[in-house]
Amino acid sequence: MASKNPFEKTVKDFMRRVRRRNPGEKEFHQAVQEVAETVIPFEAEHGKYVNQHLLERIAEPERVIMFRVPWFDDRGEYRINRGFRIQMNSALGPYKGGLRFHPSVYLGVLKFLAFEQVFKNSLTTLPLGGGKGGSDFDPKGKSESEIMRFCQSFMTELFRHINAYGDVPAGDIGVGGREIGYLFGQYKRIANRFTGVLTGKGMMYGGSLIRPEATGYGCVYFTEEMLATRGSGIKGKTVVISGSGNVAQYAAEKVNHLGGKVVALSDSEGFIYDKQGIDDEKLNYIMFLKNEKRGRIREYAEKYKAEFHAGKNPWGVKCHVALPCATENELDGKDALILKKNGCKAVAEGANMPCTPEAHAAFHKAKILFAPGKASNAGGVAVSGLEMAQNSQRLSWSRDEVDQRLHEIMKRIHRVCKQYGYENGQINYVKGSNIGGFVKVADAMLAQGLV
Ligand code: NDP
Ligand code: 2IT
């Protein structure tokens, strides 16, 4: 594919500069490369972008904050972690994006996530810039009070870099409603302000209905739009989902509501296969298991006599639709070929960059509908944007109102993907979402002078 591309050399030179400036950050290189392959040709073909180095500017964070997070564990021992906030781009609005607590977190992971976030947030059409943050803290096995002390220490430094008009973090892997509560409480103590400085807040203190559901629901709404281009829908389809956290849980719920059947979910220890389908009652148990008991997915297999496959991902399970909702690079080229062999028709990323470039190529070649995360998982940040709007108004909208707006936003993103990605009789969602996300950010940056 690349050999026929007249921009191959320009992309290569560009990536050489990106790699030199960001050594060792392989996830960041991967995310930038994917965007560069479609946006560099687009820039070259549109006079107003020529010689403006817009993608090069977008790939350079506006600001990177790194800080020490000291805390005491339950034995009274001193612990230390590293905290980060990447303030990537503020052309369209305040920096906006989640916080991830996971031992794999380092600059390269957060910069890839912040870079993706810029394009994703642009696609939502809401006034949101892009950012991401987090820590290499591992929440697994920590007590409730350790989690709270860590969150308080993390916010004790982060608070000076964020505010409702400048940078509004939210959750991501390892940061859910509980952590957002502790972070918000500490922000409020230090700043002495009750503002919408975080999203994903509890309903009693400024949260939005549908925010917990938004990423998973949005991903399934987007999948419906994709399937509709081929005269089909979720109803009656067998669906495999990876992960069993926030995104996976609500993707599964929406699949059930639309008449599909979810047969697999996973966590970092393996996957469960339940050929009867994970209905709403079983899903309630998963929500209890993961959000309250904080247990492992294998316990589902014990309870419901389903299969548990240790140490494996679920892509070998036969399905019509696959929704990777766990983490980056969890579905590779070989997995993509297995999905194809098993008759899979559509893949939508609930996670950020779960599919490798080899998997993208395999889907493209097999004409499998494929939605990249910046399009299909934008529902989460979109409802975060709606939470900010409600906070500014000091009002709460109804569940139906938020859900309808979410649905409309996902449909609109699908239309933008078609507008910029339609080629050879089908939609290239990677191209469509990269260019659709880029255009607004680029135009705003041009209008704002040399930023
Ligand atoms: P959660 O922490 O709620 O759940 C993460 C799930 O993924 C868990 O089941 C976890 O298993 C699994 N997982 C995490 N890391 C790995 C790994 N290295 N290998 C295998 N499994 C892993 O996170 P979310 O559901 O919020 O996030 C999931 C994905 O969705 C991430 O890519 C995130 O960036 C993306 N996303 C999240 C949004 C949100 O609103 N929350 C919005 C848009 C995208 P275990 O518990 O065993 O670690
Ligand atoms: O990756 C993402 O879009 C998120 N983790 C959600 C970000 C947000 O600000 O809601």
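Residues numbered from 1 in each chain as written. Chains lettered and ligands numbered in written order. Predicted model: local features only at pLDDT ≥ 70, side-chain atom pairs only at ≥ 80, totals over all residues. Heavy atoms only, no water.

Some points on the overall build of the protein chain
In terms of helices and strands, the protein chain carries 16 helices and 14 strands. Computed over C-alpha atoms, the radius of gyration of the protein chain comes to 21 Å, within 12% of the 22 Å expected from 2.2 N^0.38 for 451 residues, which places it in the range of a compact globule. Expressed along its principal axes, the backbone C-alpha trace of the protein chain runs to roughly 60 × 55 × 40 Å. The 451 residues of the protein chain split such that 57% are buried. In the protein chain, 70% of the contacts between residues at least 6 apart in sequence involve partners at least 24 apart. (Helix = DSSP H or I, 4+ residues; strand = E, 2+ residues; numbered from the N terminus. Rg over C-alpha atoms; globule rule 2.2 N^0.38 Å. Buried < 20%, exposed > 50% of the residue type's maximum accessible area, 1.4 Å probe, protein only. Contact = heavy atoms within 4.5 Å.)

Focus on the site of ligand 1
Around ligand 1, a shell composed of 25 residues is seen, among which D172, T215, S268, R296 and N352 lie nearest. Between ligand 1 and G174, the relevant distance is 3.0 Å, taken from an oxygen atom to a main-chain nitrogen or oxygen of the residue. Residue R211 places a side-chain N or O atom 2.9 Å away from an oxygen atom belonging to ligand 1. For ligand 1, the accessible surface in isolation is 880 Å², of which the surrounding protein chains cover 82%. Among the elements of the structure, α7 (211-228), α8 (246-257) and β7 (261-267) are those that each provide at least two residues to the shell around ligand 1. Taken together, the residues of the shell around ligand 1 sort by class into 5 nonpolar, 13 polar and 7 charged. (Near = heavy atom within 4 Å. Polar contact = N/O pair within 3.5 Å; in protein donor to acceptor, adjacent residues only side chain to side chain. Areas by Shrake-Rupley, 256 points an atom, 1.4 Å probe, with all protein chains shown as cover. Nonpolar A, V, L, I, M, F, W, Y, C, P; charged D, E, K, R; others polar.)

Looking at helix α6 (residues 177-191)
Between its terminal C-alpha atoms α6 stretches 21 Å, which fits the 21 Å expected from 15 residues at 1.5 Å a residue. Taken together, the buried positions of α6 are R178, E179, I180, L183, F184, Q186, Y187 and A191. Close packing links the buried residues of α6 with β3 (95-101), α5 (144-158) and β5 (167-170). Of the residues flanking the end of α6, it is N192, one or two places downstream, whose phi is positive at about 55°. (Expected span 1.5 Å × (residues − 1).)

Overview of the site of ligand 2
As a structural note, the neighbourhood of ligand 2 is formed by 14 residues, with K96, K120, K132, D172 and S384 the closest of them. The contact in question runs from an oxygen atom of ligand 2 to an N or O atom on the side chain of K120, over 2.8 Å. One of the side-chain N or O atoms of D172 is found 2.9 Å from a nitrogen atom in ligand 2. Alone, ligand 2 offers 300 Å² of accessible surface; in the complex the protein occludes 94% of this. Among the elements of the structure, β3, α4 (107-123) and α14 (378-393) are those that each provide at least two residues to the shell around ligand 2.

What about a positive patch on the surface?
Together, R230, K318, K345 and K367 line one region of the surface with positive charge. Looking at where K345 falls in the secondary structure, it is placed in the loop between α11 (333-341) and β11 (346-348). (Patch = residues over 30% accessible without salt bridge, like charges linked within 9 Å, V, L, I, M, F, W, Y side chains within 5 Å. Salt bridge = Lys/Arg side-chain N within 4 Å of Asp/Glu carboxyl O. Lys, Arg positive; Asp, Glu negative; His and termini not counted. Charge placed at Lys NZ, Arg CZ, Asp CG, Glu CD.)

Quick notes on the sheet that holds strand β4 (residues 130-135)
Pairing is mixed in the open sheet, where 5 strands are placed in the order β1-β2-β4-β3-β5. Sheet topology places β1 (63-72) and β5 at the edges, where each strand pairs with a single neighbour. Between one strand axis and the next, the sheet turns by 20° as a mean value, whatever way the strands run. In the sheet, strand β2 (residues 78-89) pairs with β4 via 6 bridges, with the strands oriented antiparallel. If you follow F84 over to β4, its bridge partner there is G134. (Pairing = 2+ DSSP bridges. Axes fitted to C-alpha atoms, helices over the stretch in contact; angles between N-to-C directions.)

Some remarks on the packing of aromatic side chains
Taken as a whole and judged by the stated rule, the model has 24 aromatic pairs. Where F67 meets F154, the ring centres are 5.3 Å apart and the plane angle is 50°; that geometry is what we call tilted. With F67 in strand β1 and F154 in helix α5, this pair connects stretches of sequence that are 87 residues apart. By the ring-pair criterion, three or more aromatic residues cluster together here, those being F67, W71, F101, F137, F150 and F154. (Phe/Tyr/Trp six-rings, centres within 6.5 Å; stacked < 30°, edge-to-face > 60°.)

A word on the nonpolar core
Core analysis: the biggest nonpolar cluster contains 59 residues, and F222, I241, L323 and I413 have the highest contact counts within it. Broken down by element, the residue count for this core peaks at 8 residues, all from α7. Among all residues touching L323, those that are not within four sequence positions of it are C219, V220, T223, V239, V240, I241, S242, A251, V255, W315 and A348. Membership of the second largest hydrophobic core comes to 39 residues, among which are A31, F84, L92 and F438. (Core = buried A, V, L, I, M, F, W, Y, C linked by side-chain atoms within 4.5 Å.)

Considerations on the pattern of salt bridges
As enumerated under the stated definition, the model contains 32 salt bridges in all. K12 is paired through a salt bridge with E8; the nearest N and O atoms lie 4.0 Å apart. Of this pair, K12 and E8 are both found in helix α1 (residues 8-21), 4 residues apart, which corresponds to roughly one turn of the helix. Taking relative accessible area as the criterion, K12 reaches 47% and is therefore assigned partly exposed. Judged by relative accessible area, which is 30%, E8 ranks as partly exposed.

Overview of the side chain of D73
Note that D73 resides in the loop between β1 and β2. Residue D73 is classed as buried on the basis of its relative accessible area of 3%. Side chain to side chain, D73 and R79 meet in a polar contact 2.9 Å long. Those residues in contact with D73, other than ones at most four positions away along the chain, are R79, E146 and R149.

Notes on the packing of α7 against α14
Interhelical geometry of α7 versus α14 gives an angle of 145° and a closest axis separation of 7 Å. Note on packing geometry: the crossing formed by α7 with α14 is right-handed. Residues R211, A214 and T215 of α7 pack against G379, G380, V381, V383, S384 and E387 of α14. (Left-handed = near helix turned anticlockwise from the far one by under 90°.)

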